[in-house]
Structures are given as C-alpha cells and as structure tokens.
Amino acid sequence: MKTRLIFMSALLIGCGVLFSQTEPQPESAEVILNRAYKQAAREKKNVFVSFHASWCGWCKKLDASINDPSCSEYFNNNFVFVHLTVLESKDKKNLENPGAPEMYSKYSGGKAGIPFFLIFDKKGKLLADSFIRKPGDDPDKPGQNVGCPATDDEISAFVEILKKTSNIGDNDIKAIQERFSKNRN
C-alpha cells in the first residue's frame, strides 16, 4: 500500500514537471489570418490586425476603446479583429505568434512602435495601415503611427482610415471621436 502511494505520488510529480516544461506554442500569424479571412468572407467584413505586446499600455487602451459599448457595435459589424503578439520582453518571447514579427517588419511596423494596425480585405489585400500620411505622400512610405488614437490629429486620421475601410455613419464617427478622446487622460 505504502509502495503504491509512493509510486503514484512520484508519477504525479513527474507528469507535473513534464507538462510544466512544455508550454503551448501560440498559433502562427498565418493560421490566425487565414481563419480571419474566411470569417471576413462569410460575414462580409474586413480584417483588423492589431500588433501588440503584453506589456503595452497603449495596446490595452486601444482594445478598451474598440470594445467600449459606445462604439463596439460599429467595430464588430465591420471588422474581424485579430491580435498578433510582437516585441515581447526577452523572458516572454514565447508569447509571440510565429511569423508575426516578420509581418510587422514587412509593413514597416518596426518604424512605428505598438500598437500598430493593418486592415485587410477578405482576400488578404492590404487596405490601410496605421500611418498618418500627408496628401500626396508616397503610400508605401511610413508616416507617423496613429497607434491608439488620442490627439485630435490621430483621431481624425483614424476616422479617415475607418471611412476608407468600412461603412461608417455620422453617429459612429461621433461615438468614436468621443470615446477615443478619453485616451488623452
């Protein structure tokens, strides 16, 4: 009886050590995006990709703003949202989605910081990014990152991006402007 108890205890401890050492890998950016494109096609939406990290306060503010009841219906009706984790601290690199850092760099996110977003159509064609560009600027040249809009200029640029990539009405614009202006605090 005592031998059996010792054996079972050792087995449980061994299993605990084994499972604690094998952390699940986050899904790849490719898998996440392919699933989002399929959903967007079914729901007649675009895909909003937000690059973020666990330590990023502005990333959390962006999510809170988008999910705020004052404007969440607009965002949910027009976009499939996905998060891709990048720029994690050295001890949390395991949280990054494989392929996300390369995609972030491909679209000049490395020159922007986070949060950084991209908007794609249901087929994966890039419609917009989070850069503010002046009229006449080269669309491939990075500008200032809207990030989580808070200033009047950032909010105005964000609304223009939304006008370009979704069906947005005056009431939605007003709600978004009011909610995102709270990010100044």
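Structure first, text after, so check above.
About the thresholds
Residues numbered from 1 in each chain as written. Predicted model: local features only at pLDDT ≥ 70, side-chain atom pairs only at ≥ 80, totals over all residues. Heavy atoms only, no water. Salt bridge = Lys/Arg side-chain N within 4 Å of Asp/Glu carboxyl O. Buried < 20%, exposed > 50% of the residue type's maximum accessible area, 1.4 Å probe, protein only. Helix = DSSP H or I, 4+ residues; strand = E, 2+ residues; numbered from the N terminus. Pairing = 2+ DSSP bridges. Axes fitted to C-alpha atoms, helices over the stretch in contact; angles between N-to-C directions. Left-handed = near helix turned anticlockwise from the far one by under 90°. Contact = heavy atoms within 4.5 Å. Nonpolar A, V, L, I, M, F, W, Y, C, P; charged D, E, K, R; others polar. Polar contact = N/O pair within 3.5 Å; in protein donor to acceptor, adjacent residues only side chain to side chain.

Asker: Is there a simple way to think about the pattern of salt bridges in this case?
Answerer: Scanning all chains against the criterion turns up eight salt bridges. For D129, the salt bridge goes to R133, with nearest N and O atoms at 2.9 Å. Judged by relative accessible area, which is 12%, D129 ranks as buried. Take R133: its relative accessible area is 25%, and that puts it in the partly exposed class. Note that D152 and R184 form a salt bridge whose closest N and O atoms lie 2.2 Å from each other. Linking D152 in helix α6 (residues 152-165) with R184 in the segment after α7 (170-181), this pair joins segments that are 32 residues apart in sequence. With a relative accessible area of 52%, D152 lands in the exposed category.

Asker: Is there a simple way to explain the pairing of strand β2 (residues 79-85) in this structure?
Answerer: Sheet faces and side chains relate simply in a regular strand, where the side chains alternate between the two faces. Counting buried positions along β2 gives five out of seven residues, so the element sits mostly inside the fold. Where strand β1 (residues 46-52) meets β2, seven bridges bridge the pair, whose relative direction is parallel. Residue pairing in the sheet places V49 in a bridge with V82 of β2.

Asker: Just checking my understanding: could you explain the packing of α6 against α7 for this structure?
Answerer: Two quantities define a packed helix pair, namely the angle between the helix axes and the distance between the axes. Close contact between α6 and α7 brings their axes to 10 Å; oriented N to C, the two are set at 145°. The hand of the α6/α7 crossing is right-handed. Seen from α6, the contacting residues are I155, F158, V159, L162 and K163; seen from α7, they are I173, I176, Q177, F180 and S181. For the contact of α6 with α7, the per-class residue count stands at seven nonpolar, two polar and one charged.

Asker: Is there a simple way to think about the sheet that holds strand β4 (residues 126-129) in this case?
Answerer: Judged by pairing direction, the sheet is mixed, and its four strands sit side by side in the order β2-β1-β3-β4 without closing on themselves. Among the strands making up the open sheet, the edge pair consists of β2 and β4. Between one strand axis and the next, the sheet turns by 20° as a mean value, whatever way the strands run. Note that β1 and strand β3 (residues 116-120) share five bridges and pair antiparallel. Bridging from a neighbouring strand, V49 pairs with L118 of β3. Contacting β1, β2 and β3, helix α2 (residues 29-43) crosses the sheet at an angle of about 175° to β2. Against the sheet, helix α3 (residues 57-66) contacts β1 and β2, and its axis sits at roughly 150° relative to β1.

Asker: Explain the side chain of E96 here, please?
Answerer: With respect to the helices, strands and loops of the structure, E96 is situated in the loop between β2 and α5 (100-106). According to the relative accessible area criterion, E96 is buried, its value standing at 12%. At 3.0 Å, the side chain of E96 forms a polar contact with the backbone nitrogen of L87. The contact partners of E96, leaving out residues within four places of it in the chain, are P26, T85, V86, L87, E88 and P101.

Asker: For this particular structure, what's the right way to read the environment of V80?
Answerer: Structurally, V80 can be placed in strand β2. It is 8.3 Å that separates the C-alpha atoms of V80 and Y37, two residues lying 43 residues apart in sequence. Leave out the neighbours within four places in its chain, and V80 touches A36, Q39, A40, E43, K45, N46, V47 and F48.

It is worth stressing that arrangement in space is one thing and function is another; only the former is reported here.
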